[in-house]
Amino acid sequence: MWLKLRRFNKIILQNSSSQKYLFTYKWLIQFVFVISLLWLVTLIKEIMKFDDNIEILNQFRILVLISGAIFITWFVLKALLSPELFRGFSSELRPIGELKKETQDEKKPELLSEKEKSLKNLRDYMMREEPYLDPSLSVKDLALQLNMSSRELSVLINQEMGIHFFDLVNQYRIEKAKQMLADPKHQNTTIQEIFFDVGFNSKTPFNTAFKKHTGTTPTRFRKELNDSAV
């Protein structure tokens, strides 16, 4: 189960730039942990059957019933409040590592120039058209815009560029945010407005990505720019 979750996390990072799928992954981790805990309590209860202490056994039964009721309530509330959790990826998607054997022929010398051309086209398109501003941009969406297959684009990004699609898109978003923070025309634009403009849906993922790529927070980055301009 844990291996399946790790596989799912790889698929998310390689195919989507949306934060909601990472939220789904974190929820699945919580779900599996709670299920494992319930299984452990149930196992202990079954072992207690071999003990003559009926009082302790009854206490474990009550604990199992209460835990089960809490779990069902939690699950239903999650389903009602966050229905997007149950809209997953296509089951046909696979991590890039599983496609390596299928792409060995792409490593032939005669195709190297074609790869370089594809990489240049990708970088030029990202800079020119700024598709990363779409908060729900996926590999499939970008592949359609570039007239490539999703598989071809995934392999190009993950193997040739050595980066996940999720991180690649965030790099462009953060660079765009840095430009806006440094632009005098946006000196009155709030941080919230900026992270929405560059493709983020909330402040926390934006701050996390910004610090990862710059080593500082957006607020401090802007302050340092203003201080140096004085």
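Draft legend 1. Looking closely at the overall build of the protein. Summing up its helical and strand segments, the protein has 10 helices and zero strands in all. If you list the helices and strands of the protein from N to C, you get α-α-α-α-α-α-α-α-α-α. A buried classification covers 36% of the 230 residues belonging to the protein. Across the protein, contacts joining residues at least 24 apart in sequence account for 65% of those joining residues at least 6 apart. Carbon together with sulfur atoms contributes 57% to the accessible area of the protein, which is approximately 14,600 Å² in total.

Draft legend 2. Up close: the packing of aromatic side chains. The full count for this structure, using the stated rule, is six aromatic pairs. Ring geometry for F200 and F206: centres 5.4 Å apart, planes at 65 degrees, overall edge-to-face. Given the relative accessible area of 0%, F206 is considered buried. A connected cluster of aromatic rings, assembled from ring pairs, spans F195, F196, F200, F206, F210 and F221. A cation over an aromatic ring shows up here: R173 above the ring of F200, its NZ or CZ 5.5 Å from the ring centre.

Draft legend 3. Looking closely at helix α6 (residues 150–160). Among the residues making up α6, those that are buried are L153, S154, V155, L156, I157 and N158. Looking one or two places after α6, you find G162, whose phi comes out positive at around 65 degrees.

Draft legend 4. Expanded view of the environment of K176. Position of K176 relative to the elements: it lies in helix α7 (residues 165–182). Between the alpha carbons of K176 and G199 there is a distance of 9.7 Å; along the sequence they are 23 residues apart. When neighbours within four sequence positions are excluded, K176 is seen to be in contact with E130, Y132, L133 and V198. In this structure the side chain of K176 is engaged in a polar contact, spanning 3.0 Å, whose partner is the side chain of E130.

Draft legend 5. How the structure looks around helix α9 (residues 203–214). Taking 1.5 Å of rise per residue, the 12 residues of α9 would be expected to cover 16 Å, and the 16 Å separating its terminal C-alpha atoms lies within 8% of that figure. Taken as a whole, α9 has its buried residues at P205, F206, A209 and F210. Angularly, the buried residues of α9 cover 130 degrees about the axis, an arc narrow enough to put them on a single face. Turned more than 90 degrees from where α9 packs its buried face, T204, T208 and K212 sit exposed. Phi turns positive, to about 85 degrees, at G215, one or two residues after α9.

Draft legend 6. The arrangement of the pattern of salt bridges in detail. One pass over the full model with this rule turns up seven salt bridges. E130 serves as the salt-bridge partner of K176, at 3.0 Å between the closest nitrogen and oxygen. With K176 in helix α7 and E130 in the loop between α4 (112–129) and α5 (139–145), this pair connects stretches of sequence that are 46 residues apart. By relative accessible area, which is 22% here, E130 ends up partly exposed. Note that K223 and D227 form a salt bridge whose closest N and O atoms lie 3.1 Å from each other. One end of the pair is K223 and the other is D227, both in helix α10 (residues 218–229) and four residues apart, which spans about a single turn. Taking relative accessible area as the criterion, D227 reaches 45% and is therefore assigned partly exposed.

Draft legend 7. Focus on the packing of α7 against α9. Viewed as axis vectors pointing N to C, α7 and α9 meet at an angle of 90 degrees, and their least axial separation amounts to 10 Å. Here α7 is positioned roughly perpendicular relative to α9, judged by the angle of their axes. Along the contact surface, α7 presents D167, N170, Q171, I174, A177, K178 and L181, while α9 presents F206, A209, F210, K212, H213 and T214. Residue composition of the contact of α7 with α9, by class: six nonpolar, four polar and three charged.

Draft legend 8. Looking closely at the nonpolar core. Ranked by size, the top nonpolar core spans 19 residues in total, and within it L122, L142, L146, L153, I157 and F165 carry the most contacts. Among the elements of the structure, α4, α5, α6 and α7 are those that each provide at least two residues to this core. One finds M180, V198, F210 and F221 within the second-largest nonpolar core, a separate group that totals 13 residues.

How each quantity is defined
- Residues numbered from 1 in each chain as written.
- Predicted model: local features only at pLDDT ≥ 70, side-chain atom pairs only at ≥ 80, totals over all residues.
- Heavy atoms only, no water.
- Helix = DSSP H or I, 4+ residues; strand = E, 2+ residues; numbered from the N terminus.
- Buried < 20%, exposed > 50% of the residue type's maximum accessible area, 1.4 Å probe, protein only.
- Contact = heavy atoms within 4.5 Å.
- Areas by Shrake-Rupley, 256 points an atom, 1.4 Å probe, with all protein chains shown as cover.
- Phe/Tyr/Trp six-rings, centres within 6.5 Å; stacked < 30°, edge-to-face > 60°.
- Lys NZ or Arg CZ within 6 Å of the ring centre and 35° of its normal.
- Polar contact = N/O pair within 3.5 Å; in protein donor to acceptor, adjacent residues only side chain to side chain.
- Expected span 1.5 Å × (residues − 1).
- Arc of directions from axis to C-beta.
- Salt bridge = Lys/Arg side-chain N within 4 Å of Asp/Glu carboxyl O.
- Axes fitted to C-alpha atoms, helices over the stretch in contact; angles between N-to-C directions.
- Parallel < 35°, antiparallel > 145°, perpendicular 65-115°, else oblique.
- Nonpolar A, V, L, I, M, F, W, Y, C, P; charged D, E, K, R; others polar.
- Core = buried A, V, L, I, M, F, W, Y, C linked by side-chain atoms within 4.5 Å.

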